[in-house]
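Chains, contacts and geometry: an overview
Single-letter residue listing:
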There are 2 protein chains.
Amino acid sequence: MSVEQHLSRVVGTVRPLDPLRVATIDALGLVLTAPVRSAVDLPGFDNSAMDGYAVVAADLAGATPDAPVALPVLGDIPAGDTERHTLTAGSCWRIMTGAPVPEGADAVVQVELTDAGVQRVQVRAEVAVGTAVRRAGEDVRKGDLVLDAGVRLLPHHIAACVAAGAADVEVRPAPRVAVITTGDELVPVGAPLRHGQIHDSNGPMLAAAVRACGAVVASLVHVGDRDDESLADVVRRVAGDADAIVTSGGISAGAYEPVKEAFASGDAVRFDSVAMQPGKPQGFGLVGDGVPLFALPGNPVSSLVSFETFVVPALRCMAGRDQARVSWRASVTRGWRSPAGRVQLARVLLTRSAGGWQVEPSGAQGSHILGGLAAANAIAVIAADVDVVREGDEVDVHLLPGEEIPS
Amino acid sequence: MSVEQHLSRVVGTVRPLDPLRVATIDALGLVLTAPVRSAVDLPGFDNSAMDGYAVVAADLAGATPDAPVALPVLGDIPAGDTERHTLTAGSCWRIMTGAPVPEGADAVVQVELTDAGVQRVQVRAEVAVGTAVRRAGEDVRKGDLVLDAGVRLLPHHIAACVAAGAADVEVRPAPRVAVITTGDELVPVGAPLRHGQIHDSNGPMLAAAVRACGAVVASLVHVGDRDDESLADVVRRVAGDADAIVTSGGISAGAYEPVKEAFASGDAVRFDSVAMQPGKPQGFGLVGDGVPLFALPGNPVSSLVSFETFVVPALRCMAGRDQARVSWRASVTRGWRSPAGRVQLARVLLTRSAGGWQVEPSGAQGSHILGGLAAANAIAVIAADVDVVREGDEVDVHLLPGEEIPS
């Protein structure tokens, strides 16, 4: 099975999560499922764009620095003043930015063009009608569309929702993901290692990868072969609180493959050999009440690359986001070998220079090699029919979860 | 004062936060302040790279599909087997991926080259010494540098730390930021609006912006002019639990400027006029026990652009990250006007096509205009000496907080 075929099966199976109403302030990064229309005009009332004086523009006809016009000041209108004031021609109000323009005023003259008087002000310039007045509804009218369904809410969108009076919004929630690591050789970091044992790095890594793509870790469990609760029971238990389950290990050709064995009967989860390196064995299917289960290989590098290749697009789909992974064309500065007949997902270091984007392999490419993975910031996707990547070749790369674009 | 001057003052004043030891699993996105060296060899012991049989390679000399070599199987070595087994020449152990290779074995023959026998196995091929054996320490040696200080910990780094036995790591913590909005006209979203009042959109927006750049919201408060606790008292109170304070509003030329007034005496906080649009008035200084306070203007657009321009680089510096904002050259598809003598931070829509990156203005550019901000995904930085941006011009852009690169 090709990478594309497996990915198609995954994204063809998972569904966007049911919408939920959440407080707008808690909606950062979530995708709207319903348009947001404004409950108010924006601005909600004619207001001043400047600190200055609300006037009748005609009263200032002919005002110059040499011949200022003097006006009595009826009082102050600070921002937040909820009284409705009225201006009579031949006078003015001192007014602050954002404060409501009094009835009868048709312009604001900025304080810098005056002597800043408090009871009586000298104005040194004419103003046109409408100067420094923001009209009610000039930005957005009540009922107008502020944001459409499908927008992922970022700080500036949250500001727009709140300004429009939307205290809560309908969004797809962040997927909750249960992470289960398997393998009797795994012990938690911090515990002493006996001969044959290694630290469980997949658990913390996959939990971090879940968080890095905006999802939530619903649970993080290790299941050993001799644990009281069987893997199938653990999966059943965590499925109740999870939108997806990710397991690592136990799916290859060996004699002790607990994940494969747990789902051997029944066709809920299918195990395939995918033409990729690393990450050949892959399991995927629906368990419990239709919860997608991703059975990833146990080697850390395979596990992360598989997560990035299949789980990230699925989680994006569940969150209502565009599945498309952003990819780059980059020029190879140091070549490497790639297995014929399989897509290689090579760990590379992506850098940027005046000439564009460059990649080089980040170290040894073995699926158990953490050194090379730790030095990588991206994955280069090398087609199955390529067996040597040469200096100067252009390759497609995408960033590892959480990585920033190199500056 | 120019944008560069104000930014230099900001990043010249703030300091990276003191390091903290945190559990590795909780360190996602944080920057190491000390190198991580491996507490163990990786792999920790010679182990099998395949499911198969641990053998003495010489025993299989001459084995072919037509003339397989039969070997008695001494038993199974699953991954996680903590016993130390020994292989005697002329026999083999069935062994699983990751399991320790028994003393005396010098190769593993993969199960696919055998009849998969349990008590006696037929092997159909020769293997070279060392085949499918991962040697102890071949990836990383005990004491080797795994990650250097300065690395921002992402999922693959967390895996490397855990594998290397680092249960906790020394990092710069995520900055804790207190957000204070000011202005008597502001009421929380959800509450009814009286004449002259608007919803406090800056609070939720700035809180989201803090989160979007990996920092933590320590508190979120609105202070009105008639509140019992004065702004200065609120600042003093929140400074105790915050690494930075961001205020919005109350810093222009009007008669009611609570933030400016609170810090008018003393030179802890300086208020400047910065040659930028939007965002001209800016306050910055150290309060309390040396906590940086950013006094941003109150218009939502000015507030967000100021946050992006001055606060984000400061928070990155505090978190030990590279301050450099990633910027792009993009081609203008529809021009706009820019104020002479001031840097314009224009809200634009950045898109990507086969030909490269394009930008167009995202709507009206007034500093109170949320419609145009909501439609933007990036900010274009237009130099002070430019007054017209024309179709076809190349401009520098950077993404708004939380925005993804367009795919």
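Predicted model only: the values in this text are computed from it and were never measured.

Points about the nonpolar core
In terms of nonpolar packing, the biggest core is built from 64 residues, with Phe294(A), Phe307(A), Leu315(A), Leu153(B) and Val169(B) touching the most fellow members. Residue contributions to this core peak at 11 residues, all from helix H6 (residues 300–318) of chain A. For Leu315(A), the contacting residues outside a window of four places in its chain are Pro175(A), Val177(A), Cys213(A), Ala215(A), Ala244(A) and Phe307(A). Residues Val40(A), Val162(A), Val11(B) and Phe284(B) belong to the second largest nonpolar core, which totals 63 residues.

Some points on a negative patch on the surface
All names here are of chain A. A contiguous patch of negative charge, built from Asp225, Asp227, Asp228 and Glu261, is present on the exposed surface. By secondary structure assignment, the location of Asp225 is in the loop between strand S16 (216–223) and helix H4 (231–239). A relative accessible area of 42% means that Asp225 is categorised as partly exposed.

Quick notes on the UniProt feature "domain: MoaB/Mog" (unreviewed entry) in chain A
The sites that UniProt annotates as "domain: MoaB/Mog" (unreviewed entry) are residues 178–317 of chain A. Spanning residues 178–317 of chain A, this segment combines 31% helix with 30% strand, and its end C-alpha atoms are found 17 Å apart.

A word on the relation of the copies chain B and chain A
By a simple turn and slide, chain B fits onto chain A: the slide is 0.0 Å along the axis, the RMSD is 0.0 Å, and the turn is 180°. Such a turn and shift between the copies fits a two-fold axis. Across chain B, the smallest distance between a C-alpha and the rotation axis is recorded for Ile405(B), namely 4.5 Å. The overlap is high: 99% of the interface residues of chain B also sit at the interface in chain A, so the same surface is used on both sides.

Topic: the sheet that holds strand S20 (residues 281–287) of chain B
All names here are of chain B. The mixed open sheet is built from 6 strands, whose spatial order is S16-S13-S17-S21-S20-S18. Single-partner strands in this sheet number two, and they are strand S16 (216–223) and strand S18 (269–273). Across the sheet, the axes of successive neighbouring strands diverge by a mean angle of 15°, strand direction being ignored. Judged from the 5 bridges that link them, S18 and S20 form a sheet pairing that is antiparallel. Bridging across to S20, Phe271 finds its partner in Gly283. Sheet strands touched by helix H3 (residues 202–212): strand S13 (176–182), S16, strand S17 (244–248) and strand S21 (291–296). Its angle to S13, the strand with the most contacts, is close to 165°.

Quick notes on the interface of chain B and chain A
Opposite the 88 residues of chain B that make contact, chain A presents 88 residues. Here chain B meets chain A over a buried area of about 7200 Å², counting both sides, of which 65% is carbon and sulfur. Here chain B and chain A share 4 salt bridges between them. A salt bridge links Glu404(A) to Arg316(B); the nearest nitrogen and oxygen atoms lie 3.0 Å apart. Run the count over chain B and chain A and you get 20 residue pairs in polar contact (both at pLDDT 80 or more).

Cut-offs used in this document
Residues numbered from 1 in each chain as written. Chains lettered and ligands numbered in written order. Predicted model: local features only at pLDDT ≥ 70, side-chain atom pairs only at ≥ 80, totals over all residues. Heavy atoms only, no water. Core = buried A, V, L, I, M, F, W, Y, C linked by side-chain atoms within 4.5 Å. Buried < 20%, exposed > 50% of the residue type's maximum accessible area, 1.4 Å probe, protein only. Helix = DSSP H or I, 4+ residues; strand = E, 2+ residues; numbered from the N terminus. Contact = heavy atoms within 4.5 Å. Patch = residues over 30% accessible without salt bridge, like charges linked within 9 Å, V, L, I, M, F, W, Y side chains within 5 Å. Areas by Shrake-Rupley, 256 points an atom, 1.4 Å probe, with all protein chains shown as cover. Salt bridge = Lys/Arg side-chain N within 4 Å of Asp/Glu carboxyl O. Lys, Arg positive; Asp, Glu negative; His and termini not counted. Charge placed at Lys NZ, Arg CZ, Asp CG, Glu CD. UniProt positions renumbered as here; feature names shortened; annotations may be inferred. Least-squares fit on C-alpha atoms with pLDDT ≥ 70 in both. Pairing = 2+ DSSP bridges. Axes fitted to C-alpha atoms, helices over the stretch in contact; angles between N-to-C directions. Buried area = accessible area lost by both parts, 1.4 Å probe. Polar contact = N/O pair within 3.5 Å; in protein donor to acceptor, adjacent residues only side chain to side chain.

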